[in-house]
Amino acid sequence: MASTNPFRYGSPVEGEYYFPLPQFNKNIRSYLDNRIHVVLYGPRRFGKTSLILDIAKEEEKESAVFILIDVYNITSHWDFLQQLLRSLRPKQTWFKKLKDKVLGTKLIPTADVDPVGQISFSLHPDFRSEKDVKELIQDTFASFNDLDAKVIIAIDEFQKIFQLNDSGWLATTMRTQMQGLKNCVFLFSGSQKSVLADMLNNQNSPFYKSCMILDMPNPGDDFTDWIISRFKKAGIKCAGQPINELRKLVYDTPNYIQQACYHISSQNVEKVDLAEIRSALRTIVSQSAFSFESLHNSLTLFQQRALRLCANEEKALFSKEFIDKYQIPSAPTLATSIKSLKLRGLLDPTPNPGQVKFEDPLFKLWIKSFS
Ligand SMILES: Nc1ncnc2c1ncn2[C@@H]1O[C@H](COP(=O)(O)OP(=O)(O)OP(=O)(O)O)[C@@H](O)[C@H]1O
Ligand SMILES: [Mg+2]
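Quantities reported herein were computed from a predicted structural model and do not represent experimental measurements.

A. Spatial organisation of the site of ligand 1. In the vicinity of ligand 1 there are 21 residues, among which Arg8, Ser11, Arg44, Ser50 and Gln258 approach most closely. Serine 11 places a polar main-chain atom, nitrogen or oxygen, 2.6 Å from an oxygen atom of ligand 1. For ligand 1, an oxygen atom lies 2.9 Å from a polar atom in the backbone of glycine 47. Taken by itself ligand 1 offers 630 Å² of open surface, and the protein chains cover 92% of this. For the shell around ligand 1, the elements supplying multiple residues, two or more each, are α2 (48-61) and α10 (254-266). Partitioned by chemical class, the residues of the shell around ligand 1 number nine nonpolar, seven polar and five charged. In this structure, the shell around ligand 1 is formed jointly by two domains, domain 1 (20-215) and domain 2 (221-287), each of which donates at least three residues.

Take a look at the structure:
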């Protein structure tokens, strides 16, 4: 039988597949303990959900009630309510009370049973009007007050709440609950920095100055040691240098580090060197080639050229030499293209003027591979 691969990627990790961040975990928990709402910012695939689950474990050990609401795919208040109810189902005794007190006849059991074996519920057709749905969201939140415990409400990818076309109703409702529910504290996570910054710093936003914003830290040198120890588990020798190179190429994104290492481990190699790293990266870039191609095709010619310039040159992007080399008519055209690429979320600003960063390091490697 093939041995188990010591690396995992693609979905949140825990246990031996998780490299702990004890100091950061403690830091977040101390804000939560003092009822300071926290926004956890981290780029995509950087380990936000894994960290939230790790915090949940620690908090539950100390008898807090931890509720994780996944709003990634919501498009309406109705979807939000469904996700809210779904997040409560594992808290069985409480969910029963909530059903009896608040939801009553408004819920009906559905035929499906979810993966943990609990019966699913859906809203009764008589109570699906927008007014009922809004009332139920408010009543469900208000019921948290009855819980005789510290409650942590985590909302992953919470910028979605601000992107509903609802004139800010859900965001305003959440803000009211954040202030009103004295036994509850909120932990939000998000990956779009500009959206988050606007939510927290814009005076017209219901979340204005309501939360402490914390950046996911880049893992330290001990992450390299951890990776090496995982390879060792599979009987594969590995030094620090190739892993450090890998980390640099993928901007320290844990998901891509684990994905590349997964591929190397599955190749039955004896030793990891730079050639293995490059070949693993080529493999994982090619696995995304289809979506990168469609993304690339949706861009204008100048945006495509601007991306090539940014992928290959890194510094002094606006120099005459580069503008000529990449056949861009002028510096203002380059500026406009970069601006629209930032708006599309493909490039991120950096603190250094004249530099940009790719949102997805694999997309950068893909662009570099043909230019
Ligand atoms: N602390 C960690 N230790 C080891 N690997 C990690 C860690 N955090 C994240 N990873 C890697 O990153 C992958 C994605 O983790 P996770 O889903 O928690 O990230 P995320 O930031 O929530 O991603 P998304 O942006 O897709 O929501 C995991 O499958 C794992 O390979
Ligand atoms: Mg996540």
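Moving on from the model shown.
B. Spotlight on the packing of helix α4 (residues 92-103) against helix α5 (residues 130-143). With their axes 10 Å apart at the nearest point, α4 and α5 run at an angle of 130° to one another. Here α4 lies oblique to α5, going by the angle between them. Along this stretch, α4 crosses α5, giving a crossing that reads as right-handed. Contact residues: α4 offers Trp94, Leu98, Val102 and Leu103, while α5 offers Leu136, Asp139, Thr140 and Ser143. In terms of residue class, the contact of α4 with α5 is built from five nonpolar, two polar and one charged.

C. View of α2. For α2, spanning 14 residues, the distance from its first C-alpha to its last is 20 Å, which sits close to the expected 20 Å at 1.5 Å a residue. Inspection of α2 places Lys48, Ser50, Leu51, Ile52, Asp54, Ile55, Ala56 and Glu59 among the buried residues, and these make up the whole buried set. Contact partners of the buried residues in α2: α1 (22-33), β1 (38-41), β2 (65-70), β5 (151-156) and β6 (184-190).

D. Here's a closer look at α10. Relative to the 18 Å expected for 13 residues at 1.5 Å per residue, α10 spans 18 Å between its end C-alpha atoms, a close match to the ideal helical length. Those residues of α10 lying buried are Asn255, Tyr256, Ile257, Gln258, Gln259, Ala260, Cys261, His263, Ile264 and Ser265. Elements that come into contact with the buried residues of α10 comprise α8 (221-233), α9 (240-249), β9 (271-272), α11 (274-287) and α16 (361-369).

E. Broad picture of the domain arrangement of the protein chain. For the protein chain, the domain assignment lists domain 1 (20-215), domain 2 (221-287) and domain 3 (300-369). A separation of 28 Å is found between the C-alpha centroids of domain 2 and domain 3. At the junction of the two partners, domain 2 supplies eight residues and domain 3 supplies eight residues. When the two sides are added together, the surface that domain 2 and domain 3 hide from each other amounts to roughly 750 Å², 76% of it contributed by carbon and sulfur. Sorting the residues of domain 2 by area buried against domain 3 places Tyr251, Tyr256 and Val285 first, and these three jointly supply 75% of that buried surface. Across the domain 2-domain 3 interface, the total number found is zero salt bridges. For the pair domain 2 and domain 3, the number of links is two residue pairs in polar contact (both at pLDDT 80 or more). Here the element with the most residues in the side of domain 2 that touches domain 3 is α11; it accounts for three residues.

F. Fine view of the side chain of glutamine 303. Looking at the secondary structure, you find glutamine 303 in helix α13 (residues 301-313). Overall, glutamine 303 belongs to the buried group, its relative accessible area being 12%. Excluding anything up to four places from it in sequence, glutamine 303 contacts Ser337, Ser340 and Leu341.

Cut-offs and rules
Residues numbered from 1 in each chain as written. Chains lettered and ligands numbered in written order. Predicted model: local features only at pLDDT ≥ 70, side-chain atom pairs only at ≥ 80, totals over all residues. Heavy atoms only, no water. Near = heavy atom within 4 Å. Polar contact = N/O pair within 3.5 Å; in protein donor to acceptor, adjacent residues only side chain to side chain. Areas by Shrake-Rupley, 256 points an atom, 1.4 Å probe, with all protein chains shown as cover. Helix = DSSP H or I, 4+ residues; strand = E, 2+ residues; numbered from the N terminus. Nonpolar A, V, L, I, M, F, W, Y, C, P; charged D, E, K, R; others polar. Domains from an automatic or database assignment. Axes fitted to C-alpha atoms, helices over the stretch in contact; angles between N-to-C directions. Parallel < 35°, antiparallel > 145°, perpendicular 65-115°, else oblique. Left-handed = near helix turned anticlockwise from the far one by under 90°. Contact = heavy atoms within 4.5 Å. Expected span 1.5 Å × (residues − 1). Buried < 20%, exposed > 50% of the residue type's maximum accessible area, 1.4 Å probe, protein only. Buried area = accessible area lost by both parts, 1.4 Å probe. Salt bridge = Lys/Arg side-chain N within 4 Å of Asp/Glu carboxyl O.

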